[in-house]
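Fold and geometry: a report
The chain contents come next:
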Amino acid sequence: MAAGERFDRLDALRGAAIVWMAVFHFCFDLNYFGVIKQNFYTDPLWTLQRVCIVSLFLFCAGLSQAVALEQGQSWQRFWRRWAQIAVCAVLVSLGSALMFPSSWISFGILHGIALMLILARLLAPLKGGLWVAGGAAILLPQLFQHPFFDSRLTNWVGLVTRKPVTEDFAPVLPWLGVMLWGLAAGRWVLVHRRHWLAGPLVRPLAPLAALGRWSLSFYMVHQPVLIGALMGVLALTR
């Protein structure tokens, strides 16, 4: 690994995921305020997009863990970054409880990432076995569910018999499998196709790379900004 090596292509991929997410959330907000009429909970146009967006986020998180492990990231540094994610997850829960008291977010994407990052790091020594572990994590919820996992205290595992009433839900199973596959793929790419992640980036994509490096900050501010802007525009036009 070259000193000061940058992974702009990985950052740009993460940036693309967060732009897609922001567009999705903007459409959700338009629907929430009655500007459009869509069913974001059952319509495949929206449910499939959410699956793709979450998958891309978690795959990128796995790729990033592969880079971090190759760079010799210490547990101390890992925990500093993890604490930022965990605090943001708590803030998301609090904010959602104010806006959606009956469907607040108890285990959304940030909660899931926080727990899955720990599990991915602990499972990293499996190396090639990460592909198998990831596949098992993805398949298990399809093969086994139990009512015990339907409460808010246990649904984070993912073996639910019904999806909980919540605005965001990213349980460990099956989503840990996507992160593990990202970690496994990242390790392979760093050895065999390193330029896929660290190669030069065409100039028009540079803003995406910059955004990707600040993805957590963007995630935390984009909805308050979008919702505030929409409320302001609607107040002026109605």
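In case you missed it, the structure is sitting above this.
So, here's what we can say about the structure. Please read these numbers as outputs of a predicted model, since none were measured by experiment. Along each chain, residue indices are assigned from 1 in the same order as the chain's sequence is written. Per-residue local features are limited, in this predicted model, to residues with pLDDT of at least 70; the limit for side-chain atom pairs, both in listing and counting, is 80 or more; totals at the level of whole chains, interfaces and linings are taken over all residues. Processing note: side-chain calculations cover all non-hydrogen atoms of the structure and skip hydrogens and water entirely.

So, the overall build of the protein chain
Secondary structure summary: the protein chain contains 9 helices and 0 strands in total. In the protein chain, the succession of α and β elements from N to C terminus is α-α-α-α-α-α-α-α-α. Throughout, the radius of gyration refers to the C-alpha atoms, and the reference size of a globule is 2.2 Å times the residue count to the power 0.38. Whereas a compact globule of 238 residues would reach a radius of gyration of roughly 18 Å, the protein chain reaches 19 Å, a difference of no more than 12%. For the protein chain, the spread of C-alpha atoms along the three principal axes comes to 55 × 50 × 35 Å. Each helix is a run of DSSP H or I of at least 4 residues and each strand a run of E of at least 2, with the numbering of both proceeding from the N terminus.

A closer look at a nonpolar patch on the surface
A cluster of nonpolar side chains, contributed by Val-87, Val-90, Leu-91 and Leu-94, occupies part of the molecular surface with about 370 Å² of accessible area. Secondary-structure assignment places Val-87 in helix α3 (residues 75-99). Excluding any residue in a salt bridge, patches collect residues exceeding 30% relative accessible area, merging like charges within 9 Å and nonpolar Val, Leu, Ile, Met, Phe, Trp and Tyr side chains within 5 Å. Residue burial considers only the protein chains on display, and all accessible areas are found by Shrake-Rupley using a 1.4 Å probe. One speaks of a salt bridge when a side-chain nitrogen belonging to Lys or Arg is within 4 Å of a carboxyl oxygen belonging to Asp or Glu.

Thoughts on the nonpolar core
Core analysis: the largest hydrophobic core is formed by 58 residues, its most contacted members being Leu-58, Ile-109 and Leu-110. Two residues qualify as a contact provided that any one of their heavy atoms is within 4.5 Å of a heavy atom in the partner residue. In this view, Leu-110 contacts Ile-85, Cys-88, Ala-89, Val-92, Leu-216, Tyr-219 and Met-220; residues no more than four positions away in its chain are not counted. For the purposes of this section, nonpolar cores are sets of buried Ala, Val, Leu, Ile, Met, Phe, Trp, Tyr and Cys residues that join through side-chain atoms within 4.5 Å. To sort residues, take the accessible area from a 1.4 Å probe on protein chains only and compare it with the maximum for the residue type: under 20% means buried, over 50% means exposed, and anything in between is partly exposed. Core analysis: the next-biggest nonpolar cluster, separate from the first, contains 5 residues, Leu-30, Phe-33, Ile-227 and Leu-234 among them.

Thoughts on helix α2 (residues 44-70)
In this scheme, a helix's expected span is set at 1.5 Å multiplied by one less than its residue total. Compared with the 39 Å implied by 1.5 Å per residue over 27 residues, the 38 Å span of α2 between its first and last C-alpha is a close match. Within 3.5 Å is the distance limit for a polar contact, defined as a pair of N or O atoms, with the added protein rule that one can donate a hydrogen and the other accept it, and that residues adjacent in sequence qualify only through two side-chain atoms. The N-terminus of α2 is capped by Asp-43, whose side-chain oxygen sits 3.0 Å from the backbone nitrogen of Leu-45. A positive phi of about 75 degrees marks Gly-72, the residue just after α2.

Structural notes on the side chain of Ser-103
Assignment of secondary structure puts Ser-103 in the loop between α3 and α4 (109-123). Classification of Ser-103 by relative accessible area gives buried; the value is 8%. Side-chain polar atoms of Ser-103 contact the side chain of Glu-167, separated by 2.6 Å. The residues contacting Ser-103, other than those within four sequence positions of it, are Arg-152, Val-165, Thr-166 and Glu-167.

Some details on the packing of helix α1 (residues 8-32) against helix α8 (residues 206-213)
Lines fitted to C-alpha atoms define the axes, with helix axes restricted to the stretch in contact, and inter-axis angles between N-to-C directions lie between 0 and 180 degrees. Viewed as axis vectors pointing N to C, α1 and α8 meet at an angle of 80 degrees, and their least axial separation amounts to 6 Å. Our classification of the angle between α1 and α8 gives roughly perpendicular. Of the residues in α8, those touching α1 at Asp-8, Asp-11, Ala-12, Arg-14, Gly-15, Ala-16, Ile-18 and Val-19 are Leu-208, Ala-209, Leu-211, Gly-212 and Arg-213. For the contact of α1 with α8, the residue count by class is 7 nonpolar, 2 polar and 4 charged. When describing relative orientation, an angle under 35 degrees is termed roughly parallel and one over 145 degrees roughly antiparallel, while 65 to 115 degrees is termed roughly perpendicular and anything else oblique. Residues are grouped as follows: Ala, Val, Leu, Ile, Met, Phe, Trp, Tyr, Cys and Pro are nonpolar; Asp, Glu, Lys and Arg are charged; every other residue, Gly included, is polar.

Observations concerning the packing of aromatic side chains
Aromatic rings from Phe, Tyr and Trp, taking only the six-membered ring of Trp, are treated as a pair when their centres fall within 6.5 Å; an angle between ring planes under 30 degrees marks them as stacked, one over 60 as edge-to-face, and anything in between as tilted. A complete count under the given rule lists 15 aromatic pairs for this structure. Measuring from centroid to centroid gives 6.4 Å for Phe-107 and Trp-156, while their planes differ by 45 degrees, and the two rings are tilted. Taken as a pair, Phe-107 in the loop between α3 and α4 and Trp-156 in the loop between α5 (129-143) and α6 (172-192) lie far apart in primary sequence, 49 residues in all. According to the relative accessible area criterion, Phe-107 is buried, its value standing at 11%. Here the aromatic cluster, defined as three or more aromatic residues joined through ring pairs, consists of Phe-24, Phe-28, Tyr-32, Phe-33, Phe-40, Trp-46 and Phe-100.

Considering the environment of Val-178
Tracing the backbone shows Val-178 in helix α6. With sequence-adjacent residues up to four places away left out, Val-178 is seen in contact with Ser-55, Leu-58, Phe-59 and Ile-138.

Describing the pattern of salt bridges
Per the stated rule, a full pass over the model turns up 8 salt bridges. Arg-6 serves as the salt-bridge partner of Asp-8, at 3.4 Å between the closest nitrogen and oxygen. Owing to a relative accessible area of 46%, Arg-6 belongs among the partly exposed residues under this scheme. In this structure, a network of salt bridges that share partners links the residues Arg-6, Asp-8, Asp-11, Arg-14 and Arg-213.

Focus: the packing of α2 against α4
At their nearest, the axes of α2 and α4 sit 11 Å apart, and the two run at 35 degrees to each other. With respect to the hand of their crossing, α2 and α4 are arranged in right-handed fashion. Packed against α2, whose contacting residues are Val-54, Leu-58, Gln-65 and Leu-69, the element α4 presents Ile-109, Ile-113, Met-116, Leu-117 and Arg-121 at the interface. Per-class residue counts for the contact of α2 with α4 are 7 nonpolar, 1 polar and 1 charged. Handedness of a helix crossing follows the sense of rotation of the near helix relative to the far helix, less than a right angle counterclockwise being left-handed and clockwise being right-handed.

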